[in-house]
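One letter stands for each residue in the lines below.
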Amino acid sequence: MVYSGDAEKARKEAEAFKICGCGEKNPKFSAGNGIWFCENCLKSRKEQFDKYLEKFLVLAEEYDLYNEASIGLAERSEWKIRLLK
Ligand SMILES: [Zn+2]
């Protein structure tokens, strides 16, 4: 039988046992939920995150353009097309 006190103890032990995914002991950076990153992994994660964020911003830009300006853009293109004709 597991008592809540035991679970709490186990959680604290897991928290005290810090190890990065790469095997680095005593990593400096916590991602929460008992997940830890050493400096090297944090840097590589940050690079991944930046790349992802870049992609996201491009997508967000396209998304905004599509949502906010699509009608205006379509109207303008139509207008241009009419002028060209
Ligand atoms: Zn690491």
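Residues numbered from 1 in each chain as written. Predicted model: local features only at pLDDT ≥ 70, side-chain atom pairs only at ≥ 80, totals over all residues. Heavy atoms only, no water.

Enquirer: Before we go on, may I ask you to explain the overall build of the chain in this structure?
Expert: Tallying secondary structure elements over the chain gives 3 helices and 2 strands in all. When the elements of the chain are put in sequence order from the N terminus, they spell out α-β-β-α-α. Counting every position in the chain, which comprises 85 residues, the buried fraction comes to 7%. In the chain, the proportion of contacts linking residues at least 24 apart, taken out of those at least 6 apart, comes to 0%. Carbon together with sulfur atoms contributes 58% to the accessible area of the chain, which is approximately 8000 Å² in total. (Helix = DSSP H or I, 4+ residues; strand = E, 2+ residues; numbered from the N terminus. Buried < 20%, exposed > 50% of the residue type's maximum accessible area, 1.4 Å probe, protein only. Contact = heavy atoms within 4.5 Å. Areas by Shrake-Rupley, 256 points an atom, 1.4 Å probe, with all protein chains shown as cover.)

Enquirer: Hey, could you run me through the coordination of the zinc ion in this one?
Expert: Each pair of donors in an ideal four-coordinate tetrahedral metal site encloses 109.5 degrees, whereas pairs in an ideal six-coordinate octahedral site enclose 90 or 180 degrees. Coordination sphere of the zinc ion, protein contribution only: Cys20 (SG), Cys22 (SG), Cys38 (SG) and Cys41 (SG), at 2.3 to 2.4 Å. Taken together, the 4 donor atoms surrounding the zinc ion define angles of 101 to 117° at the centre, an arrangement classified as tetrahedral. Mapping the donors of the zinc ion onto the primary sequence yields the spacing C-x1-C-x15-C-x2-C. The two residues Cys38 and Cys41 agree in class, both being buried. (Donors = N, O, S within 2.8 Å, 3.2 Å for Na, K, Ca; no water. Tetrahedral: all angles 85-135°; square planar, octahedral: opposite > 155°, others 65-115°.)

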